[in-house]
Amino acid sequence: MEKFSTLISTAVPLDISNVDTDQIIPARFLKATDKKGFGDNLFRDWRYNKQGDLIEDFALNKSKYSGSILVAGDNFGCGSSREHAAWALAGYGLKVIISSFFADIFKGNALNNGLLPIQVSAEVLQQLFEAIKHNPVVEFKIDLEAQTLSVLQTTIKTHFDIDPYKKTCLINGYDDIDYLLSKKNKIEVFELQKSNSL
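Bear in mind the structure is a predicted one, so any value in this text is a computation, not a measurement.

Rules behind the numbers
Residues numbered from 1 in each chain as written. Predicted model: local features only at pLDDT ≥ 70, side-chain atom pairs only at ≥ 80, totals over all residues. Heavy atoms only, no water. Axes fitted to C-alpha atoms, helices over the stretch in contact; angles between N-to-C directions. Helix = DSSP H or I, 4+ residues; strand = E, 2+ residues; numbered from the N terminus. Parallel < 35°, antiparallel > 145°, perpendicular 65-115°, else oblique. Left-handed = near helix turned anticlockwise from the far one by under 90°. Contact = heavy atoms within 4.5 Å. Nonpolar A, V, L, I, M, F, W, Y, C, P; charged D, E, K, R; others polar. Pairing = 2+ DSSP bridges. Right-handed = clockwise from strand over helix to strand, strands pointing away.

## Quick look at the packing of helix α3 (residues 84-92) against helix α4 (residues 104-112)
So, step 1. In the contact formed by α3 and α4, the axes pass within 8 Å of each other and the chain directions differ by 50°. Taken as axis vectors, α3 and α4 run oblique relative to one another. The two elements α3 and α4 cross, and the hand of that crossing is right-handed. In contact with A85, A86 and L89 of α3, α4 contributes F106, N109 and A110.
So, step 2. In the contact of α3 with α4, the residues fall into 5 nonpolar, 1 polar and no charged.

See the structure below:
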């Protein structure tokens, strides 16, 4: 995974609540077991009509919005536990998802795939939507080390929580195996001490 420390980016607003994983990546695209290509079908049934043409009024299709941050409505990632939803979001180029609530399994899948889910209050979420509405190219700053989210050139700034282990993994670009390997020397010392005490 890529290391994540600080991100400054514009954001795409998706002011829709209860976005489930089938809307994020429809079930018909789940046959593949490789992560490649899932980003092409992110929100497939919302981004394209039945003829395969872009639906112009969908947020991700609007030229005025761009960036690697998605600001989403409440209860994002509900529904089935498919990890493919995180694959699709990351494959599209998103690095941060902001919402006032995430389904637990989706949140875990996101973190395991280098995607940072930031949970904010409902009040802050509305402030973020308003900031983008007022200025579509307003920039957000995510500081993972300090666990802060701020909107540049505004007074909006908030703290967010993250599991300390997952924070360490994101900052270092570790998956679970990489994390264990980073502790290899300490594990070997522990095993040696244990065997010597027997």
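## Details of the sheet that holds strand β7 (residues 148-151)
So, step 1. In space, the 4 strands of this open sheet follow the order β1-β6-β7-β8, with antiparallel pairing throughout. One side of each edge strand has no neighbouring strand; the edge strands of this open sheet are β1 (6-9) and β8 (157-159). Geometrically, the sheet is characterised by an average inter-axis angle of 10° between neighbouring strands, direction not taken into account.
So, step 2. Here β7 runs beside β8; their pairing, made up of 3 bridges, is antiparallel. Bridging across to β8, T148 finds its partner in H159.
So, step 3. Contacts from helix α5 (residues 122-134) reach β6 (140-143), β7 and β8, with the element oriented near 35° to β7.

## Here's the deal with the pairing of strand β5 (residues 116-119)
Every regular strand shows the same layout, with side chains that alternate between the two sheet faces.
So, step 1. Pairing geometry for strand β4 (residues 96-99) and β5, over 4 bridges, is parallel. Bridge pairing in β5 links S99 to Q119.
So, step 2. Between the parallel elements β4 and β5, the chain passes through α4 in a crossover that is right-handed.

Just distances and angles here, no functional claims.
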